[in-house]
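# Observations on the model geometry
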Amino acid sequence: MKIFAVTLALVLALPAPARAQAPTALPGDDLAFASAVFRATHNSYSGNVDGTKGSITYQLDNGVRFLEFDIHDNGYATSLDYAVGHDYPGDAVDHAGNPASNNLRGWLQTINTWSAGHPDHAPLLVMLDVKDDLTDNFSYAAGNLTALNKELSDVFGARLLTAKDVPGALGTIGSLRGRVLTLLSGHAGTRTEYKRDVGANPAVAINALGQVVEVHDSGSGTLWYWSGTYGSDGRVTWLRHGRYGTGTTPAVALNDHGYLVEVHKSQNADTLWYQVGQIGTGGEITWSASRQYDSGVLPSITFVTPAGTAVKEIHRSQSSSQNWFWDGTLNPSAATVTWNSATHATTSLPRYPTTVGVSGTRRVTVSTGADGAAPANTLRYSTDRVGVQRIRYEQIAFDEFQAGDSALLQEGAIFYGAVATNKSFITSSRNAGRVVRGWDFDDASLATNPPANYPATNYPWTGWYATVTANAVR
């Protein structure tokens, strides 16, 4: 008996997650996500400034499972965060009971704290209505979509259900309790860029660490890069994206220490230029200035040995089909290449491959081409283990399709949205099995059959809204 008592005491002393417990079924657990109705607020951050919603915590405590934040990128480079507000940062924001700052991270952390304290809550959808064009944020530091992805992942961690992990239907409410989903709405160009990237003349390199660098030109004279990692499943996770210069027809070589040498032709002349880069934390690339090393067209480059600093470059003459080569030596600390004029000469060798990167058995190939509803200049990749995929931002958030959007934004979309007065769109989308938001749902007469999954209102505590959402899942 004494041994039994001690054992029982030890078991009871364990933290709750460590004890084996039969799951308790909650109302709505067997309901398919796409069939459920959830209480939802419109412009949730506006509290009682616009409508009568109360604080974010109050909304969550009282059954709201859809929250909307309008966000702006004004001042991102200074604050390293997006700002909440309707027409501009701080516009119509109610700070009573909410974070004192307009910075998005604090509002997301409020949601995460509540979610952690209520692990059995129905799946919670956090929508970001992007008010500014994020496609002109040319780097992570400027607040592009990679930065937004990281903020969402950092705040919600393991609670976050990412779009990349959902190939189709979302399953049942019971299977998703305690999870947070995020959704992009607003600026159509930003939502489109999240689904695909476009460009011309892509080139790629991979090293023994599985680091991948892709470079391309825009087709109109700017140079862009993607960095990523080759995963255990043979897929590339694209980590960072940014603009690094001007020019055309770039090529890139990458050694096993994370240093790279990129070469390209000038945008407006037949001159050849190079830049040195280094892959840092999170895939960010630090780039040197662009320096001219010759004249010509169609440059190509490779490291002589994967772990070394010696490079060879071959390009074509600007006036004939003759190829020329250079030997060079990378100086990593100075971020320069010393080109050996003593060995510079014509060659009968072909240019180095630019669209295929190989390291051991791993191979990455890049191309452009139409991809589903995406256009012919869509950037794509394949590997030795997976077929053609789009080069694009990691699909952390879901992408909303709205009435009037393009076929690309509709492609694969789970979440649909329209103003609540557009009843035909809401009902047809619901009948097609989509998860639908109707915003400005501020009158009982706007109710549809079937109802919007998310009837987003400014007045969630009125009697008529309680009646309409009487069967809402919590």
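Residues numbered from 1 in each chain as written. Predicted model: local features only at pLDDT ≥ 70, side-chain atom pairs only at ≥ 80, totals over all residues. Heavy atoms only, no water.

### Brief notes about the domain arrangement of the chain
With domains assigned, the chain is organised as domain 1 (33-192 + 396-469) and domain 2 (197-390). Each of domain 1 and domain 2 has a C-alpha centre, and these two points are 39 Å apart. Between domain 1 and domain 2, the contact holds nine residues from the first and 12 residues from the second. The largest contributions to the domain 1 side of the interface with domain 2 come from Phe 138, Thr 146 and Glu 411, which together make up 55% of the buried area. Put simply, domain 1 and domain 2 have one salt bridge between them. The salt bridge partner of Glu 411 is Arg 390, with a shortest N-O separation of 2.5 Å. At the surface where domain 1 touches domain 2, the tally comes to four residue pairs in polar contact (both at pLDDT 80 or more). Of the residues belonging to the side of domain 1 that touches domain 2, the class tally is four nonpolar, three polar and two charged. (Domains from an automatic or database assignment. Contact = heavy atoms within 4.5 Å. Buried area = accessible area lost by both parts, 1.4 Å probe. Salt bridge = Lys/Arg side-chain N within 4 Å of Asp/Glu carboxyl O. Polar contact = N/O pair within 3.5 Å; in protein donor to acceptor, adjacent residues only side chain to side chain. Nonpolar A, V, L, I, M, F, W, Y, C, P; charged D, E, K, R; others polar.)

### Describing the sheet that holds strand β23 (residues 389-390)
Pairing between the strands of a sheet is mediated by backbone hydrogen bonds and can be parallel or antiparallel. One open sheet accounts for four strands, arranged β20-β21-β22-β23; its pairing is antiparallel. Two strands close off the open sheet at either side, each with one partner strand: β20 (356-359) and β23. Of the pairings in the sheet, the one linking strand β22 (residues 379-383) to β23 comprises two bridges and is antiparallel in character. Within β23, the position partnered with Arg 380 by the bridge is Arg 390. (Pairing = 2+ DSSP bridges. Helix = DSSP H or I, 4+ residues; strand = E, 2+ residues; numbered from the N terminus.)

### Remarks on the packing of aromatic side chains
Enumeration according to the criterion identifies 25 aromatic pairs in this entry. Each ring, one from Tyr 76 and one from Tyr 82, has its centre 4.8 Å from the other, and the planes form 45°; the classification is tilted. Comparing Tyr 76 with Tyr 82 shows no difference in burial state: the two are buried. Aromatic pair Phe 401 and Phe 425: ring centres 6.2 Å apart, planes at 40°, arrangement tilted. Remark: Phe 425 occurs in helix α9 (residues 423-431) and Phe 401 occurs in strand β25 (residues 401-402); sequence separation between them is 24 residues. Residues Phe 401 and Phe 425 agree in their burial class; the two are buried. Members of the aromatic cluster, connected to one another through ring pairs, are Phe 33, Phe 38, Phe 66, Phe 398, Phe 415 and Tyr 454. A cation over an aromatic ring shows up here: Arg 240 above the ring of Tyr 140, its NZ or CZ 3.6 Å from the ring centre. (Phe/Tyr/Trp six-rings, centres within 6.5 Å; stacked < 30°, edge-to-face > 60°. Buried < 20%, exposed > 50% of the residue type's maximum accessible area, 1.4 Å probe, protein only. Lys NZ or Arg CZ within 6 Å of the ring centre and 35° of its normal.)

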